[in-house]
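Single-letter residue listing:
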Amino acid sequence: MARDFTSVGVTGLGTMGAGIVEVFARGGLRVVATEVDDAALERGRGVLARSTARAVAKGRLEQAEADALHGRVTFTTDLAGLAGCDLVVEAVPERPALKHELFRRLDDVVAPGAVLATNTSSLSVTDIAVATAHPERVVGMHFFNPAPVQRLVEVVTTVVTDDEVRDSVRALAERLGKTPVVVGDRAGFIGNALLFGYLGHAVAMLESGRATRDDIDTAARVGLGYPMGPLALLDLIGLDTAEAILTTMYEQGRDRLHAPSPLLTELVAAGHLGRKTGRGFFVYPPPGSGGGDTTAPDAGGPAAGVREVGRVVVVATGDDDSAAAVDDRLGAWVDDLAAVGVDVDRVTVGNSGDGDARLAEADVVLVDVPAGDSGSALVATVTSTLTDGTVVALTGAGADGSLAGLAAATGRPADVVGLQPVTPVASAPLVEVVVGLDTSESTVATTRALCERLGRTAVTTRDRAGRLVEALLVPYLCDALRMVQDGYASADDVDTAMRNGCGLPRGPVQALDELGLDVALDAARRLHSETGEPGHAPPPLLTQLVAAGRLGTRTGEGVRRHP
Ligand SMILES: NC(=O)c1ccc[n+]([C@@H]2O[C@H](COP(=O)([O-])OP(=O)(O)OC[C@H]3O[C@@H](n4cnc5c(N)ncnc54)[C@H](O)[C@@H]3O)[C@@H](O)[C@H]2O)c1
């Protein structure tokens, strides 16, 4: 039988605590809210007052309800005020010594049967629990930011947590209109472990020069349909908080992919902590200045060297067998080019014979390179008849990850660029413009301008496994599947956590089934073989599901069944 909580305490009324007070008071509970000093208490009171006033102004809350809500909250700087509470949730800063000390003091204040909960994002709940006289009544109650909005609450249990305490806290979260997920005590639990793995990886991609800050964020927003790019999200979370969480994850799991990138550490050391200090990866106007837009401290100016494109030749290569598949891939380009008034021609260049005379007049040639060994010879044939300055855009499976060799085979590597449309997951047409070792700025600028003219969003990336979108997505999907494989969380819990805690349009298991497990496995293998990072090794469950023919929604069964 779940116990009936009626009076709860919240200690620490900062970013999270003030929101947690609101959640409880809205749910009809009496709340005792405590802080270290009067100034912090007043700040917390102010946050609650403004939040309910906004809800009233927007018609989401009646004035009478708001008054009743405030009537249920008592503010005090005296910890002894928590004596009558059945549950106390702690939301003080993420410092182990501070939390241990607080729990020892709470032990002396509350009744022996009262539940003590921590809102920690990454610290060990077990460590915090054993600092008390009754570790069996200690749980994690991990709300997400902003607490009144995000529905996920991770209820974190330790090996000594009472089942009754777990069930009661879960029932309370449900009563508050939240979506609780019960998880064991691992660094980052479900939500942060998956989120910060992904965020840390995005920073590493920036650090290694794979793409610019803006293109990495655009790849996530447009390519994956996420509400924010990873670097903007890190600025919102706070780079110091992110560094602390990644450090804990790294110390616990020793996965080098979780070690905070030197760039992150450098920004934190410089005091660039994100929105709260006015600068992180982006620059922000001062609070209250009215501006909300970010400015660009490090992005390039207007694209230089865009060449006129009046005539494009789309080239299918190889034998006739692949004609239908090539048609599928190139047809959309041909139609869209014609629609914007570009003079477009299609030619097929076979395994033998010369290039086509029409190629000589092209400003851009778009070449579909087949998978396999014939790519270099075909590309050399196509480019033998081009005039100087023609952009050679290589697309298709054969161009993916092979740009350096193909560009060399043309003898004009400055004009060669890769062009990979992102179809399976993109929310809008996105094209990855892949730069090789010698690709000129003008070639990139001309290609990007042409993509934009065709209504596609372009991002520029170096020729690395998974380019941008798959490189951001696939390691995260593998991390999620690993949680399922290891029995840490169910597929449903993982999906629920990422949808309700991070506001993602779909959970990772669903995303994996939609992308195709074979596609994910192929990308994971390429990432792993390129970097040698053990953390990029595909989880055995993925390999086995693919071997069993369970490729996702396409085959009717992947991680889940799709009737
Ligand atoms: N910020 C987030 O997005 C987020 C999300 C989920 C969980 N968390 C976790 O929630 C906890 C709080 O984080 P935050 O971002 O709200 O921090 P914060 O710094 O915004 O707020 C912490 C508050 O605790 C108060 N405080 C400090 N010592 C205290 C004490 N001894 N007694 C009472 N109050 C005390 C401070 O005055 C401050 O107001 C951390 O464990 C953090 O990891 C944060």
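The rules behind these values
- Residues numbered from 1 in each chain as written.
- Predicted model: local features only at pLDDT ≥ 70, side-chain atom pairs only at ≥ 80, totals over all residues.
- Heavy atoms only, no water.
- Helix = DSSP H or I, 4+ residues; strand = E, 2+ residues; numbered from the N terminus.
- Buried < 20%, exposed > 50% of the residue type's maximum accessible area, 1.4 Å probe, protein only.
- Contact = heavy atoms within 4.5 Å.
- Areas by Shrake-Rupley, 256 points an atom, 1.4 Å probe, with all protein chains shown as cover.
- Lys, Arg positive; Asp, Glu negative; His and termini not counted.
- Charge placed at Lys NZ, Arg CZ, Asp CG, Glu CD.
- Axes fitted to C-alpha atoms, helices over the stretch in contact; angles between N-to-C directions.
- Left-handed = near helix turned anticlockwise from the far one by under 90°.
- Polar contact = N/O pair within 3.5 Å; in protein donor to acceptor, adjacent residues only side chain to side chain.
- Near = heavy atom within 4 Å.
- Nonpolar A, V, L, I, M, F, W, Y, C, P; charged D, E, K, R; others polar.
- UniProt positions renumbered as here; feature names shortened; annotations may be inferred.
- 1 Å grid on protein atoms, 1.4 Å probe; cavity = no way out; pocket = protein on both sides within 12 Å on 5 of 7 lines; lining within 4 Å.
- Points joined across faces, edges and corners; volume = space filled by probe spheres on them.
- Domains from an automatic or database assignment.
- Pairing = 2+ DSSP bridges.
- Buried area = accessible area lost by both parts, 1.4 Å probe.
- Salt bridge = Lys/Arg side-chain N within 4 Å of Asp/Glu carboxyl O.
- Phe/Tyr/Trp six-rings, centres within 6.5 Å; stacked < 30°, edge-to-face > 60°.

Enquirer: Looking at this model, I keep getting lost on the overall build of the protein. Mind explaining?
Expert: Along the protein, the regular secondary structure elements total 20 helices and 15 strands. Here the C-alpha coordinates of the protein stretch approximately 90 × 55 × 40 Å along the principal axes. The proportion of buried residues among the 563 residues of the protein is 52%. Partitioning the intrachain contacts of the protein with sequence separation of at least 6 by distance along the chain shows that 71% fall at a separation of at least 24. For the protein, the computed accessible surface area is about 23400 Å², with 51% contributed by carbon and sulfur atoms. In the protein, the 50 positive side-chain charges and the 74 negative ones have mean positions that sit 4 Å from each other.

Enquirer: Sorry if this is basic, but what is going on with the packing of helix α7 (residues 191-207) against helix α9 (residues 230-237) here?
Expert: Two numbers describe a pair of packed helices, the interaxial angle and the distance between the axes. Contact geometry for α7 and α9: axes closest at 9 Å, N-to-C directions at 115°. Here α7 runs over α9; the crossing is left-handed. Contacts between α7 and α9 involve Leu195, Phe196, Tyr198, Leu199, Ala202, Val203 and Leu206 from the former and Pro230, Leu231, Leu233, Leu234 and Ile237 from the latter.

Enquirer: Help me out: how do you make sense of the environment of Glu533 in this one?
Expert: By secondary structure assignment, the location of Glu533 is in the loop between α19 (517-531) and α20 (540-547). Spatially, the C-alpha atom of Glu533 lies 20 Å from that of Ala187, the residues being 346 residues apart in sequence. If sequence neighbours within four positions are ignored, Glu533 has contacts with Arg256, Leu257 and His528. Polar contacts involving the side chain of Glu533 include one to the side chain of Arg256, which spans 3.3 Å.

Enquirer: I keep staring at the site of the ligand and nothing clicks. Help me out?
Expert: Surveying the vicinity of the ligand reveals 21 residues, the closest of which are Met16, Glu35, Glu94, Lys99 and Ser121. A distance of 3.4 Å is found between an oxygen atom of the ligand and a backbone nitrogen or oxygen belonging to Val92. Here an oxygen atom of the ligand sits 3.1 Å away from a polar atom, N or O, in the side chain of Asn145. In the complex, 80% of the free accessible area of the ligand, which totals 840 Å², lies under the protein chains. Here the residues of the shell around the ligand sort into nine nonpolar, nine polar and three charged.

Enquirer: Can you walk me through the UniProt feature "domain: 3-hydroxyacyl-CoA dehydrogenase NAD binding" (unreviewed entry) in the protein in this structure?
Expert: If you check UniProt for "domain: 3-hydroxyacyl-CoA dehydrogenase NAD binding" (unreviewed entry), the listed places come out as residues 8-185 and 402-463 in our numbering. What you have in residues 8-185 is 40% helix and 21% strand, and the ends, taken at the C-alpha atoms, are 23 Å apart.

Enquirer: Quick question: what am I supposed to make of empty space enclosed by the protein here?
Expert: Under the criterion given, the structure shown has five cavities of 30 Å³ or more. The calculated volume of the largest cavity comes to roughly 100 Å³. Taken together, Gly197, Tyr198, His201, Asp255, Leu257, His258, Leu472, Pro475, Tyr476, Asp479, Gly535 and His536 make up the full set of residues lining the largest cavity. Sorting the residues of the lining of the largest cavity by element identifies α7 and α16 (469-485) as the ones contributing at least two each. Classifying every residue of the lining of the largest cavity by side-chain character gives five nonpolar, five polar and two charged. Each of domain 2 (191-277) and domain 4 (469-555) gives at least three residues to the lining of the largest cavity.

Enquirer: Mind showing me how you'd approach helix α18 (residues 508-515) here?
Expert: Every α-helix winds through 3.6 residues per turn, so residues three or four apart in the chain are directed the same way. By the criterion of burial, α18 is predominantly enclosed, with six of the eight residues buried. Along α18, the residues that are buried comprise Pro508, Val509, Ala511, Leu512, Asp513 and Leu515. For α18, the secondary structure elements touched by its buried residues are α7, α16, α17 (491-502) and α19. Once α18 finishes, Gly516 follows within two positions and takes phi at roughly 105°, a positive value.

Enquirer: Would you explain the sheet that holds strand β3 (residues 73-76) in this entry?
Expert: The pairing of strands in a sheet comes from backbone hydrogen bonds and takes either a parallel or an antiparallel form. The sheet built from eight strands is open, its strands ordered β3-β2-β1-β4-β5-β6-β7-β8 with mixed pairing. Of all strands in the sheet, those bounded by a partner on one side alone are β3 and β8 (179-183). Across the sheet, the axes of successive neighbouring strands diverge by a mean angle of 25°, strand direction being ignored. Of the strand pairs in this sheet, strand β6 (residues 138-143) and strand β7 (residues 152-156) are connected by four bridges, and their pairing is antiparallel. Bridge pairing links Phe143 to Val153 in β7.

Enquirer: Looking at this structure, how should I read the UniProt feature "domain: 3-hydroxyacyl-CoA dehydrogenase C-terminal" (unreviewed entry) in the protein?
Expert: Per the UniProt record, "domain: 3-hydroxyacyl-CoA dehydrogenase C-terminal" (unreviewed entry) is annotated on residues 188-284 and 469-560. Between the C-alpha atoms that bound residues 469-560 the distance is 23 Å, and the span itself is 65% helix and 0% strand.

Enquirer: How do you make sense of the domain arrangement of the protein when you look at a structure like this?
Expert: When the parts of a complex come together, some accessible area is lost, and that lost area is often used as the size of the interface. By the assigned domains, the protein splits into domain 1 (7-184), domain 2 (191-277), domain 3 (311-462) and domain 4 (469-555). Each of domain 1 and domain 4 has a C-alpha centre, and these two points are 33 Å apart. In this complex, domain 1 contributes nine residues to the contact, which on the side of domain 4 involves eight residues. For the pair domain 1 and domain 4, the two sides together bury roughly 690 Å², of which 59% comes from carbon and sulfur. The tally of links from domain 1 across to domain 4 stands at zero salt bridges. Applying the counting criterion to the domain 1 and domain 4 interface returns three residue pairs in polar contact (both at pLDDT 80 or more). The element best represented in the side of domain 1 that touches domain 4 is β8, accounting for four residues. Per-class residue counts for the side of domain 1 that touches domain 4 are five nonpolar, three polar and one charged.

Enquirer: What should I look at first to understand the sheet that holds strand β15 (residues 457-462) in this one?
Expert: With respect to topology, seven strands assemble into an open sheet ordered β10-β9-β11-β12-β13-β14-β15, the strand pairing being mixed. The sheet terminates laterally at β10 (343-349) and β15, the two strands that pair on one side only. Each strand of the sheet is rotated relative to its neighbour by a mean of 25°, with strand direction disregarded. Direction of pairing for strand β13 (residues 416-422) relative to strand β14 (residues 430-435): antiparallel, over a ladder of six bridges.

Enquirer: Before we go on, may I ask you to explain the pairing of β6 in this structure?
Expert: Strand residues, when the strand is regular, have side chains that alternate between the two faces of the sheet. Burial analysis of β6 places six of its six residues in the buried class, which makes it a mostly covered element. Note: strand β5 (residues 115-118) against β6, three bridges, orientation parallel. The residue of β6 that forms the bridge with Leu116 is Val138.

Enquirer: How should I be thinking about the packing of aromatic side chains in this particular structure?
Expert: Each aromatic ring pair is described using two quantities: the centre-to-centre distance and the angle formed by the ring planes. According to the stated counting rule, one finds three aromatic pairs in the structure shown. Their ring planes at 85° and their centres at 6.2 Å tell us that Phe24 and Phe143 sit as a pair that is edge-to-face. With Phe24 in helix α1 (residues 17-26) and Phe143 in strand β6, the pair connects residues that are 119 residues apart, well separated along the chain. Assigned by exposure class, Phe24 and Phe143 land together as buried.

Enquirer: Can you walk me through the pattern of salt bridges in this structure?
Expert: One side chain can pair with another of opposite charge once the charged atoms of both are near each other. One pass over the structure, following the stated rule, counts 31 salt bridges. Close ionic contact of Arg166 with Asp163 constitutes a salt bridge, the shortest N to O distance being 3.5 Å. You can see Arg166 and its partner Asp163 sitting in helix α6 (residues 163-175), three residues apart, about one turn around the helix. Among the residues examined, Asp163 registers a relative accessible area of 48% and is labelled partly exposed. Connected via shared salt-bridge partners are Asp400, Glu432, Arg467, Glu470, Asp522 and Arg526.

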